[in-house]
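The primary structure of each chain is shown beneath.
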Amino acid sequence: RKEVEQDPGPFNVPEGATVAFNCTYSNSASQSFFWYRQDCRKEPKLLMSVYSSGNEDGRFTAQLNRASQYISLLIRDSKLSDSATYLCAVTRAGSYQLTFGKGTKLSVIP
Amino acid sequence: GAVVSQHPSWVICKSGTSVKIECRSLDFQATTMFWYRQFPKQSLMLMATSNEGSKATYEQGVEKDKFLINHASLTLSTLTVTSAHPEDSSFYICSAPGQGKYGYTFGSGTRLTVV
């Protein structure tokens, strides 16, 4: 089992739609959790950290479920500019090393 | 904010030659640098961790004699792909932990094409 697994995608959604991504992790000792956005041929950019209590940033909401070992990202009112690949990432216990999921490609269609 | 400058952005080289990729921390000291590789439609895979003044730590399956990492100063880490082959064609990216708003600063990446 891979350390971090994501929905296979791709997701093609119309503008204004709500879309949700899930990501599971295998190491129960994982400490920190993140969602990154990666545009084609670019470096990943941090979208948001994910906390146990859940957190929201505008149209984006992230949730962490430690018992089931998954994190989620919800995007409301999708914009064309949201089209990108979304990567979840976790850190190993006691380490700064980020382990990334394969990513899920989102295409928002006019 | 914290910036990691990575060069070159892209490079095309002939099979059998070596290519050096540099990552410089511009406004902070990076004692550690992570090096990742990403094949098309694949995840960013950690290759190795470089630490200033000591030997790099390589992930399982990464050939340390092929991917030479040097972290000679607190502001510069380099990755040299030696005797490159077409299968080494990939997107290579560095990342310094402990900086930036949420603790990681990425370089802009290097797209290597070996022909």
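Just so we're clear, the structure is a prediction, and the values are computed from it rather than from any experiment.

Side note on the state of the cysteines
Next up, step 1: With the rule as written, the count across this model stands at two disulfides over all chains.
Next up, step 2: Each disulfide pairs two cysteine sulfurs, and for Cys23 of chain A the partner residue is Cys88 of chain A, the sulfurs being separated by 1.9 Å. One disulfide, between Cys23 of chain A and Cys88 of chain A, carries an S-S torsion of 60 degrees and so falls in the right-handed class. Separated by 65 residues along the polypeptide, Cys23 of chain A in strand β3 (residues 19–25) and Cys88 of chain A in strand β9 (residues 84–91) bring together distant segments of the chain. Of the two residues, Cys23 of chain A and Cys88 of chain A, both sit in the buried class.
Next up, step 3: Cys13 of chain B carries a free sulfur, and the closest cysteine sulfur to it, the one in Cys23 of chain B, is 17 Å from it.

Examining the nonpolar core
Residue and element names in this part refer to chain B.
Next up, step 1: Counting residues in each nonpolar core, the largest one holds 24 residues, and the members touching the most others are Met33, Trp35, Phe67, Leu79, Tyr92 and Leu112.
Next up, step 2: Taken together, the elements giving at least two residues each to this core come down to β2 (10–13), β3 (19–25), β4 (32–38), β5 (45–51), β7 (67–73), β8 (76–81), β9 (90–97) and β11 (110–114).
Next up, step 3: Ignoring sequence-local partners within four residues, the contact set of Leu79 consists of Val19, Lys20, Ile21, Trp35, Phe67, Leu68, Ile69 and Tyr92.

Topic: the interface of chain A and chain B
Next up, step 1: At the junction of the two partners, chain A supplies 18 residues and chain B supplies 20 residues.
Next up, step 2: When chain A packs against chain B, close to 1,600 Å² is buried across both sides, 59% of that on carbon and sulfur atoms.
Next up, step 3: One can count zero salt bridges joining chain A with chain B.
Next up, step 4: If you look at where chain A meets chain B, you find six residue pairs in polar contact (both at pLDDT 80 or more).
Next up, step 5: Of all the secondary-structure elements, those providing two or more residues to the side of chain A that touches chain B are β4 (33–38), β5 (45–50), β9 and β10 (98–100) of chain A.
Next up, step 6: Looking at which element gives the most residues to the side of chain A that touches chain B, the answer is β4 of chain A, with three residues.
Next up, step 7: Of the residues in the side of chain A that touches chain B, the class split is eight nonpolar, five polar and five charged.

Section: the pairing of β5 of chain A
All names here are of chain A.
Next up, step 1: Pairing analysis gives five bridges linking β4 to β5, with the strands arranged antiparallel. Paired with Phe34 across the two strands is Ser49, which belongs to β5.
Next up, step 2: Linking β4 to β5, which pair antiparallel, is a turn of six residues; within it Arg41 sits at a positive phi near 60 degrees.

Quick notes on the pattern of salt bridges
All names here are of chain A.
Next up, step 1: Taken as a whole, this structure holds seven salt bridges over all chains when the rule is applied.
Next up, step 2: Here Asp39 makes a salt bridge to Arg37, at a shortest N to O gap of 3.0 Å.
Next up, step 3: Owing to a relative accessible area of 29%, Asp39 belongs among the partly exposed residues under this scheme.
Next up, step 4: Linking Arg76 and Glu56 is a salt bridge whose minimum nitrogen-to-oxygen distance equals 3.5 Å. With Arg76 in the loop between β8 (70–75) and β9 and Glu56 in strand β6 (residues 55–57), the pair connects residues that are 20 residues apart, well separated along the chain.
Next up, step 5: A residue is classified by how much of its surface remains accessible, and Glu56, at 58% relative accessible area, is exposed.

Cut-offs applied
Residues numbered from 1 in each chain as written. Chains lettered and ligands numbered in written order. Predicted model: local features only at pLDDT ≥ 70, side-chain atom pairs only at ≥ 80, totals over all residues. Heavy atoms only, no water. Disulfide = S-S within 2.5 Å. Helix = DSSP H or I, 4+ residues; strand = E, 2+ residues; numbered from the N terminus. Buried < 20%, exposed > 50% of the residue type's maximum accessible area, 1.4 Å probe, protein only. Core = buried A, V, L, I, M, F, W, Y, C linked by side-chain atoms within 4.5 Å. Contact = heavy atoms within 4.5 Å. Buried area = accessible area lost by both parts, 1.4 Å probe. Salt bridge = Lys/Arg side-chain N within 4 Å of Asp/Glu carboxyl O. Polar contact = N/O pair within 3.5 Å; in protein donor to acceptor, adjacent residues only side chain to side chain. Nonpolar A, V, L, I, M, F, W, Y, C, P; charged D, E, K, R; others polar. Pairing = 2+ DSSP bridges.

Just distances and angles here, no functional claims.
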